[in-house]
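Architecture at a glance
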Amino acid sequence: MSDTSSIDAVMVEKEDAVVEEPKEPELIDEEEEEANTNKPEDAAQEVEARPEKLQQAAAAPVQIVSIGNEEDAYAFTFHKDALNEILNKVPEKEHVAVVSVVGAFRTGKSFLLSWFLKYLHSDANGDAAKDWYTKFDKLGGGPGSNPDDTDAETHGFDWRGGSERNTTGIWMWSEPFSRTRADGSKISVLLVDTQGMFDHETTMALTAAIFGLSTLLSSHQIYNVDKRIQEDNLQQLALFSEYGRMALEQEKRESSADDSDENISAAVAKAPFQSIEFLVRDWQNFEDDEDEELMEKEMSEYLETVLKERDAKDLQETRDHISSSFEKISCFMMTHPGFAVTKKKYEGDVSKIEPTFLVLLDKFCRKVFGENLQPKTIHGRELTASELAAFMEAYALLFKNGAAFPEASTMLEATASANNTVAVNATISTYVEEMDGFAGPDAVTFRKDEDFRAFHDSVMNKSMRAFDDIATFGSANSIRKARMKVITDITQRLAMYEKLNESRNPLAGLETFLIPSGVAVLSYILRTIADATCSSWSQTCRASSDALSHILAAAFIFLFIVYLTKAKQIHDKLKQLHGAVTAMFAGDSSSEKAPTRAESKIKND
Ligand SMILES: Nc1nc2c(ncn2[C@@H]2O[C@H](COP(=O)(O)OP(=O)(O)O)[C@@H](O)[C@H]2O)c(=O)[nH]1
Ligand SMILES: [Mg+2]
């Protein structure tokens, strides 16, 4: 588990780091949240209503976006705190993958996601048994499951068969799943469910809005379709192509401003959205004798047929738009799970599911969460959890006033603005992390002026390079503003580090003692000389000696008063001096362990 304060800290910084529109994120108080959540049986509320102990124990789907009603034009409400609570569980610098499922109402999206949960638990150490899906009796999230039940086996995305629930919105599983990538690095997987698309009550604009938000958010989007890929499924996808085209053009412009040819081809090759996979449910065309290899062949041939060139201009355009918007388009087919599964009373009994469905399900899980698993990227940059939160917030704001699908340029602006925010936060974190270790609240060594400046300069250069690497997108003016914001912030922090460092200077404040001590020593010496050299009959000489002894006494009294008022500081200073001298002789004055940010934070708290 991560340092849970870290995302909050970044988010707090982020709020004041917003450099241009969109406006301050909506923070929803509990009352407002209740009013905005469209159904009383809302699971997010169920989670909140549960006792603390159970909330910690039971993982559950959490609503991160709820959708209003006709009165507010189906405005989206982003539940920032709910999202952050999940993202805080991701280790601070770990990248995140977002796997989401979109598609028509009651096509088995939540059912599939509940299976994903089972797979991810079974494969927690990357060693799921070949027949992992037979190792338990029941699938969680079904009609018989109780969200208050502490038995994790019964939890899942809500796929209650038969009930006409219509809780529109976007849901995320409360626990991220840690996976190991092929290169050995860790990645946290977040599962996202969408509800309320393409049903008879949902307008096309709302469907497009949910679809759009989910596409912007995901690294791998599963588009669940019933029986076959239809033309309207493709058209729905092509809706985002305008955004894709603009994003690509912007990248091309940026690359041509750069002289390296390598950069141009790398940027042009990048589509704005990552991976989309059509998941055809209840596919009926596999032959009885087809083995897995043949089935896979059939899947890729089917996708090729669907996407192949068409004579009709509009059909061809749809295909071109999709191809240029997504980095990767794939297809998988599942057979019917068996009629028992579609019965109203079906509660998730695994033994009633058709074996072919389970075999294909196993293949699909391994495909999605195996080596294909990619972190969420924005313009080629892999995101951490706190960065994902910044983008998610900017995207949700696009639909704040209603589910009218935003202009591509607005989506692009939101991306650029969130990207600048991420760049500002990352730059400041880099600076703070390094400076904290060198001269932060927990550092103990006083740094000489020239060392301090040199260190600051090098950290500043490194941080600004980090900024330039991230802030590559959007208008030059907004990037410039974000850059200024970073510089102002770092300048303020520098002043604080200077003060902290100065407070560790063992010689600071010594002038209060040095001057009276010098006067005392000088008067003592002069008096000793006077006493030794004066002849007994010289009045002037005796008077001078007396005057010097008065000065000496006055200096001592002054020193004594200062000592009384500053006893504690003097004690500390002497300790510091002693420490500095000891360390100097031990030859390791600069090798104290740099405190981590987390340590300083804990101490500050
Ligand atoms: N025909 C069919 N039904 C399924 C499949 N998977 C799940 N179901 C059933 O479809 C109903 C709706 O499932 P659900 O996951 O809630 O659908 P969602 O609205 O897309 O999330 C439930 O009764 C499931 O048991 C499938 O692959 N094919
Ligand atoms: Mg569902």
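The structure this text deals with has already been given above.
A brief structural summary. As the structure is a computational prediction, the values presented were derived from the model and not from experiment.

1. Let's talk about the packing of aromatic side chains
Applying the stated criterion to the full structure yields 19 aromatic pairs. An angle of 90 degrees between the planes, with centres 4.8 Å apart, marks the rings of Phe-211 and Tyr-223 as edge-to-face. Taken together, the residues Phe-211 in helix α7 (residues 204-217) and Tyr-223 in strand β7 (residues 220-226) connect sequence positions 12 residues apart. As far as the burial class goes, Phe-211 and Tyr-223 line up, both buried. Between the aromatic rings of Phe-332 and Phe-364, the centroid separation amounts to 4.8 Å while the plane-to-plane angle is 40 degrees, which identifies the pairing as tilted. Pair noted here: Phe-332 is in strand β9 (residues 326-333) and Phe-364 is in helix α14 (residues 355-369), with a separation of 32 residues, a long-range link. There is no split in this pair, since Phe-332 and Phe-364 are both buried. Among the aromatic residues, those joined into a ring-pair cluster are Trp-115, Phe-116, Tyr-119, Trp-132, Tyr-133, Phe-136, Phe-332, Phe-364 and Phe-369.

2. Describing the coordination of the magnesium ion (ligand 2)
For the magnesium ion (ligand 2), the full set of protein donor atoms is Ser-110 (OG) and Gln-195 (NE2), at a range of 1.9 to 2.0 Å. One end of the pair, Ser-110, is in helix α6 (residues 109-122); the other, Gln-195, is in strand β6 (residues 186-195), with 85 residues separating them in the sequence. Here Ser-110 and Gln-195 have matching classes, each one buried.

3. Side note on the nonpolar core
The biggest cluster of nonpolar side chains holds 132 residues, and the ones touching the most others in it are Trp-115, Phe-116, Leu-191, Ile-229 and Phe-369. Top contributing element to this core by residue count: helix α16 (residues 408-439), with 16 residues. Residue contributions to this core reach at least three from each of two domains, namely domain 1 (92-387) and domain 2 (424-502). Not counting chain neighbours up to four residues away, the residues in contact with Trp-115 comprise Trp-132, Tyr-133, Phe-136, Leu-139, Val-350, Ile-353, Phe-357, Leu-358 and Leu-361.

4. Description of the pattern of salt bridges
Enumeration according to the criterion identifies 19 salt bridges in this entry. Across the pair Arg-319 and Glu-231 runs a salt bridge whose closest N-O atoms are separated by 2.9 Å. Residue Arg-319 is located in helix α12 (residues 313-325), and its partner Glu-231 is located in helix α8 (residues 231-238); the two are separated by 88 residues in the primary sequence. For Arg-319, a relative accessible area of 2% puts it in the buried group. A salt bridge links Asp-468 to Arg-483; the shortest N-O distance between them is 3.1 Å. Here the residue Asp-468 occupies a position in helix α17 (residues 449-470), and Arg-483 occupies one in helix α18 (residues 476-502), the gap between them amounting to 15 residues.

5. Regarding helix α5 (residues 80-87)
Residues spaced three or four apart along an α-helix point in a common direction, a consequence of the helix completing one turn every 3.6 residues. By the criterion of burial, α5 is predominantly enclosed, with six of the eight residues buried. Among all positions of α5, only Lys-80, Ala-82, Leu-83, Asn-84, Ile-86 and Leu-87 are buried.

6. Some details on helix α15 (residues 385-397)
With 13 residues, α15 extends 18 Å between its outermost C-alpha atoms, agreeing within 8% with the 18 Å of an ideal straight helix rising 1.5 Å per residue. Burial within α15 is extensive, with 13 of its 13 residues counted as buried.

7. Looking at the site of ligand 1
Surrounding ligand 1, one finds 18 residues, the nearest of these being Arg-106, Ser-110, Phe-111, Asp-282 and Val-341. Arg-106 is positioned such that a nitrogen or oxygen atom in its backbone is 2.7 Å from an oxygen atom of ligand 1. Side-chain polar atom of Arg-281 to a nitrogen atom of ligand 1: 3.1 Å apart, as the coordinates give it. Across the complex, the protein chains shield 93% of the 580 Å² of accessible surface that ligand 1 would expose by itself. Every element with two or more residues in the shell around ligand 1 is listed here: α6 and α13 (339-342). Element by element, the count of residues in the shell around ligand 1 is highest for α6, at three residues. The class makeup of the residues in the shell around ligand 1 is seven nonpolar, seven polar and four charged.

8. Description of unusual backbone geometry
The backbone phi angle of Arg-106 is positive, close to 60 degrees, even though this residue is not glycine. Mapped onto the elements, Arg-106 comes out in the loop between β3 (95-103) and α6. For Arg-106, a relative accessible area of 46% corresponds to the partly exposed category. Positive phi, close to 70 degrees, is recorded for Lys-227, a residue that is not glycine.

9. Re the packing of α8 against α12
As a packed pair, α8 and α12 sit with axes 9 Å apart at the nearest point and diverge in direction by 50 degrees. On the basis of their axis angle, the class for α8 and α12 is oblique. Of the two possible hands of crossing, α8 and α12 adopt the one that is left-handed. Residue-level contacts link Glu-231, Leu-234, Gln-235, Leu-237 and Ala-238 of α8 to Leu-315, Thr-318, Arg-319, His-321 and Ile-322 of α12. Here the contact of α8 with α12 is composed, by residue class, of five nonpolar, three polar and two charged.

Cut-offs used in this document
Residues numbered from 1 in each chain as written. Chains lettered and ligands numbered in written order. Predicted model: local features only at pLDDT ≥ 70, side-chain atom pairs only at ≥ 80, totals over all residues. Heavy atoms only, no water. Phe/Tyr/Trp six-rings, centres within 6.5 Å; stacked < 30°, edge-to-face > 60°. Helix = DSSP H or I, 4+ residues; strand = E, 2+ residues; numbered from the N terminus. Buried < 20%, exposed > 50% of the residue type's maximum accessible area, 1.4 Å probe, protein only. Donors = N, O, S within 2.8 Å, 3.2 Å for Na, K, Ca; no water. Core = buried A, V, L, I, M, F, W, Y, C linked by side-chain atoms within 4.5 Å. Domains from an automatic or database assignment. Contact = heavy atoms within 4.5 Å. Salt bridge = Lys/Arg side-chain N within 4 Å of Asp/Glu carboxyl O. Expected span 1.5 Å × (residues − 1). Near = heavy atom within 4 Å. Polar contact = N/O pair within 3.5 Å; in protein donor to acceptor, adjacent residues only side chain to side chain. Areas by Shrake-Rupley, 256 points an atom, 1.4 Å probe, with all protein chains shown as cover. Nonpolar A, V, L, I, M, F, W, Y, C, P; charged D, E, K, R; others polar. Axes fitted to C-alpha atoms, helices over the stretch in contact; angles between N-to-C directions. Parallel < 35°, antiparallel > 145°, perpendicular 65-115°, else oblique. Left-handed = near helix turned anticlockwise from the far one by under 90°.

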